[in-house]
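Results of the structural survey
If you want the building blocks of each chain, they are given just below.
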There are 2 protein chains.
Amino acid sequence: MTTVEPNRVRVSLGERSYDILIGSGLLTRAAAHLKQAGLSRRGVIITDATVESLYAAPLQAALHAHGITTGLLAVPAGESSKSLRQAHRLLEQLPALGLDRKSFVMAVGGGMVGDLAGFVAGTYLRGLALVQVPTTLLAQVDSSVGGKTGVNLPQGKNLVGVFHQPRLVLADTDTLRSLPERELRAGFAEVIKYGAIYDADFFAWLERETAAALRLEPAAITRVVRRCCEIKGAVVSQDERESGLRGILNFGHTIGHAMEALADYTGLLHGEAVAMGMCAAAKLSVKRAGLPAGEAGRLERLIAASGLPTRLGQKYEMPALFEAMRLDKKAQAGQVRFVLLKRLGEALISDAVTEADVQEVVHECRG
Amino acid sequence: MTTVEPNRVRVSLGERSYDILIGSGLLTRAAAHLKQAGLSRRGVIITDATVESLYAAPLQAALHAHGITTGLLAVPAGESSKSLRQAHRLLEQLPALGLDRKSFVMAVGGGMVGDLAGFVAGTYLRGLALVQVPTTLLAQVDSSVGGKTGVNLPQGKNLVGVFHQPRLVLADTDTLRSLPERELRAGFAEVIKYGAIYDADFFAWLERETAAALRLEPAAITRVVRRCCEIKGAVVSQDERESGLRGILNFGHTIGHAMEALADYTGLLHGEAVAMGMCAAAKLSVKRAGLPAGEAGRLERLIAASGLPTRLGQKYEMPALFEAMRLDKKAQAGQVRFVLLKRLGEALISDAVTEADVQEVVHECRG
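How each quantity is defined
Position numbers for residues count from 1 along each chain, tracking the sequence in the order it is written. Here the convention is simple: chains get letters from A, ligands get numbers from 1, in the order in which they are written. In keeping with the model being predicted, local features are shown solely for residues with a pLDDT of at least 70 and side-chain atom pairs are shown and tallied solely at 80 or more, while totals for entire chains, interfaces and linings include all residues. Note that the side-chain values use all heavy atoms of the structure and ignore hydrogens as well as water. Runs of E in the DSSP output that reach at least two residues are strands. Runs of H or I that reach at least four are helices, and both are numbered from the N terminus. The atom set for the radius of gyration is the C-alpha atoms, and the globule formula is 2.2 Å times the number of residues raised to the power 0.38. The buried label applies to any residue whose accessible area, calculated with a 1.4 Å probe on protein chains only, is under 20% of its type's maximum; exposed applies above 50%, and partly exposed to all values in between. Residues are treated as being in contact if the distance between any of their heavy atoms lies within 4.5 Å. In short, Shrake-Rupley with a 1.4 Å probe defines the accessible areas, and a residue's cover is counted only from the protein chains shown. We score Asp and Glu as negative and Lys and Arg as positive, and we do not count His or the chain ends. Charge coordinates come from a single atom per side chain, which is NZ of Lys, CZ of Arg, CG of Asp or CD of Glu. The predictor attaches a confidence to each residue, called pLDDT, with possible values from 0 through 100. The fit set for superposing copies consists of C-alpha atoms from residues with pLDDT of at least 70 in both; the fit itself is least squares. Buriedness for pockets is judged along seven lines, at least five of which must meet protein on both sides within 12 Å for an open set on the 1 Å grid over protein atoms alone, while cavities are sets there where a 1.4 Å probe fits but cannot get out, and lining residues have an atom within 4 Å of a point. Grid points are joined across faces, edges and corners, and a volume is the space filled by probe spheres set on the points. Residue polarity follows a fixed list, in which Ala, Val, Leu, Ile, Met, Phe, Trp, Tyr, Cys and Pro are nonpolar, Asp, Glu, Lys and Arg are charged, and the others, Gly among them, are polar. Helix axes are fitted only over the stretch in contact, all axes being lines through C-alpha atoms; the angle between N-to-C directions runs from 0 to 180 degrees. Roughly parallel here means an angle under 35 degrees, roughly antiparallel means over 145, roughly perpendicular means 65 to 115, and every remaining angle is called oblique. Throughout, buried area stands for the accessible area (probe radius 1.4 Å) lost by two parts on being put together, summed over both. For this document, the term salt bridge refers to a Lys or Arg side-chain nitrogen within 4 Å of an Asp or Glu carboxyl oxygen. Any pair of nitrogen or oxygen atoms within 3.5 Å is treated as a polar contact; in protein, a donor-acceptor pairing is required on top of that, and neighbouring residues in sequence qualify only through side-chain atoms on both sides. If DSSP finds at least two bridges between two strands, the strands pair. Multiplying 1.5 Å by the helix residue count minus one yields the expected span of that helix.

On to the overall build of chain A, then. The helix and strand tally for chain A stands at 13 helices and eleven strands. Here chain A has a C-alpha radius of gyration of 20 Å; the compact-globule value for 367 residues is 21 Å, and the two agree. Across its three principal directions, the C-alpha atoms of chain A cover 60 × 45 × 35 Å. The buried share of chain A, taken over its 367 residues, is 59%. Here the analysis covers contacts within chain A between residues at least 6 apart in sequence; of these, 75% occur between residues at least 24 apart. Of the accessible surface of chain A, which amounts to about 13,900 Å², a share of 50% is contributed by carbon and sulfur atoms. The centroid of the 42 positive side-chain charges in chain A is displaced by 4 Å from the centroid of its 38 negative side-chain charges.

The following block contains the structure:
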């Protein structure tokens, strides 16, 4: 076996800058990557019950063999573990592990684990170094990068959290082989989003190569993860705390989040909701931002080609859908904001979308 | 950091810079100060059961009269409310108040309230604007400034928290009139600390004027609060996250915290523990940092003149005391660090103090 130098994406945030390493076999060399990032002291691995045996326990053993001692804490799998209660439980277990301010927290798993463990890392001893080890496509291209951490309250998602940038991200594409096909496809919704909002060339490449990437052909999937991390890193570098540009990352999410809320976060994957939300947002973009109808069609076809839904189910009714958008924490004083496309590769944030516009588009998206 | 006018201290932290306003009658003009700081949207006041009727409820009414709507949440008085459990309870009550990312959290009370409410402000919606309204001397000169927030775990103090700088601090010296005398005196331990570590002239002024300040004569107490806030602001501006200089603020705290832990945080006020800790640290400074014995004597006399203890009780035994220091979260890899004085007004951080040194000094401090 030859060792291939991993792809390296640098996220520039001054003294909080960090590297994202992307490639095959990264987990087997994790100790070396940690040491290179200055993390050789004691740490804790936080994971869920599914990922624990697959990746977290072998990783703990591999680190131990290289002299890095870590505790291993697992929460039940599933979004319901992304709670203040689980964060509380984890935080109360940390003092017994003998961590100090130079120790690290390693999040091994999907988005739920990354957000929960990130919040724990951001608050224990007022902030420990965080290493993200995303094992799903969604986490590799989105949630592990950018420093948003958080847990849900009964009243809403991500209502409690902190901005806490990782010290290092290890995106090992081998881990995607254990991902259920439906989850892999759901992750593609975010991939398509990056092309749509930021990079028309990448979008065109996806139109040709999505099938190869979905088959996890190494060159294709590595390029997918790398380009998405580059785009997210570039956006976050310009607007770490979402006062402006970073908002474009929410393309498809305004309607998508509302659908997730109405579905009570069951039966619908985040990526599936975003896929439908992007189709609706593309139609709004044709109406309100001058997106050529042909480009909206290309977006819809790429979403469909990735095996993702493009049509809203009958259960999403106005005005309940619009009301759910108004309650989203991104709304300000009840004003709903939309990310629209001027063209493929270029997004803008708009306050001009009315409830009537949304009603019309929701109706079309059922047709 | 520059002082713009006598009762305004600016803490310079780039885009996180903020003003501390100090003086009499500030609370009656709170609405105007909030608006000046750009905070006219909805907010929540967090306080404790004691301060609620004294200051928080009248403040809520005064803000309401000026068109600023706030919720009011009170926790039981006392350090036991500074818990993850109370933070959790508060966070779960916030969604019903209709706050958005432009809303503010106002902490009205002593250090416990400021630390707890600051943690809530730092984590709700990934960080809301925080207004500190400290109503004790300790909170006015120390805990309300600098951005440290946190709650205790059963295993130790301040183990969970975030750095979250306030947007504004309103230190109304009128509120000190309702403070029990013992707590006022305890606050003076931190006041004396600032002189000892940073400003020999202020120390000399305190030697002359402490009695007037303890009587809350307006000019004297305002000067005390202002100078302490200037010093803390200057230190924090240079080292927000305590990677170096900020450590000098822990003068007297290494032994002091250990005494508090051994006393199980009951029967001993924080300032009283710091007072005894400073006397011991002064003796260590004579041994290890060249502090003239006469200056150590001046420090001990000023502490005594403020009605604070200078002698350790018999209950603080080695090696338990040293073991408690080792467990403190500021220790790294079990190494205990001490802040020592080279002379009055100049501090340094030392790793050179041995357990034998501490033993000797603890013995002397009983003598």
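That covers the picture; the talk isn't over yet.
Of all residues in chain A, 97% attain a pLDDT of 70 or more, and the chain-wide mean is 93. The ipTM for the predicted assembly is 0.93, set against a pTM of 0.94.

It is worth spelling out the relation of the copies chain B and chain A at this point. Taken as rigid bodies, chain B and chain A are interconverted by a rotation of 180 degrees and an axial shift of 0.0 Å, the fit giving an RMSD of 0.0 Å. Both copies are brought into coincidence by an operation consistent with a two-fold rotation axis. When the interface residues of chain B are mapped onto chain A, 100% of them again lie at the interface, so the same face is used by both copies.

Summed over all chains, the structure comprises five cavities of 30 Å³ or more. What the largest cavity holds in volume is close to 70 Å³. Taken together, Leu 84, Ala 87, His 88, Leu 91 and Phe 119 of chain A together with Leu 84, Ala 87, His 88, Leu 91 and Phe 119 of chain B form the lining of the largest cavity. Among the elements of the structure, helix H3 (84-93) of chain A together with helix H3 (84-93) of chain B are those that each provide at least two residues to the lining of the largest cavity. Tallied by class, the residues present in the lining of the largest cavity amount to eight nonpolar, two polar and no charged.

Our focus in this paragraph is the packing of helix H10 (residues 270-288) of chain A against helix H11 (residues 293-305) of chain A. All names here are of chain A. Between H10 and H11, the least distance of the axes is 9 Å, while the angle of their chain directions is 175 degrees. By the criterion of interaxial angle, the relationship of H10 to H11 is roughly antiparallel. From H10, Ala 275, Met 278, Cys 279, Ala 282, Lys 283 and Val 286 reach across to H11, where they touch Ala 293, Ala 296, Leu 299, Glu 300 and Ile 303. Taken together, the residues that form the contact of H10 with H11 break down as nine nonpolar, no polar and two charged.

Facing the 35 residues of chain B at the interface are 35 residues of chain A. Of the roughly 3,000 Å² buried between chain B and chain A on both sides combined, carbon and sulfur atoms contribute 59%. Taken together, chain B and chain A are joined by zero salt bridges. At the boundary of chain B and chain A, one finds eight residue pairs in polar contact (both at pLDDT 80 or more). Contributing elements (two or more residues each) for the side of chain B that touches chain A: H3, helix H4 (111-123) and strand S9 (156-160) of chain B. By residue number, the principal contributor to the side of chain B that touches chain A is H3 of chain B, which donates five residues. Class assignment for the residues of the side of chain B that touches chain A results in 14 nonpolar, nine polar and twelve charged.

Our next topic: the sheet that holds strand S4 (residues 70-75) of chain A. Residues and elements named next belong to chain A. Strand order in the open sheet formed by seven strands is S1-S2-S9-S6-S5-S3-S4, and the pairing between neighbours is mixed. One side of each edge strand has no neighbouring strand; the edge strands of this open sheet are strand S1 (7-11) and S4. Averaged over all pairs of adjacent strands, the angle between their axes in this sheet comes to 15 degrees, without regard to strand direction. Bridge count for strand S2 (residues 18-23) against strand S9 (residues 168-172) is five bridges, and the pairing is parallel.

Residues and elements named next belong to chain B. Note that Gln 86 resides in helix H3. A relative accessible area of 7% means that Gln 86 is categorised as buried. Non-local contacts of Gln 86, meaning those with residues more than four positions away in its chain, are made with Val 75, Pro 76, Ser 81 and Leu 116.

With that settled, the discussion passes to the pattern of salt bridges. On inspection of all chains with the given rule, the structure shows 53 salt bridges over all chains. Close ionic contact of Glu 230 of chain A with Arg 227 of chain A constitutes a salt bridge, the shortest N to O distance being 2.8 Å. You can see Glu 230 of chain A and its partner Arg 227 of chain A sitting in helix H8 (residues 218-238), three residues apart, about one turn around the helix. Here Lys 342 of chain B and Glu 346 of chain B are joined by a salt bridge, their closest N and O atoms 3.5 Å apart. The partly exposed category is assigned to Glu 346 of chain B, whose relative accessible area is 30%. When salt bridges with common partners are traced through the structure, they connect Asp 199, Arg 226, Arg 227 and Glu 230 of chain A into a single cluster.

This brings us to helix H11 (residues 293-305) of chain B. All names here are of chain B. Counted at 1.5 Å a residue, the expected span for H11 with its 13 residues is 18 Å, and the 18 Å between its end C-alpha atoms agrees. For H11, the set of buried residues is Ala 296, Gly 297, Leu 299, Glu 300, Leu 302 and Ile 303. Buried positions along H11 lie against helix H6 (181-198), helix H7 (200-214), helix H10 (270-288) and strand S11 (338-343).

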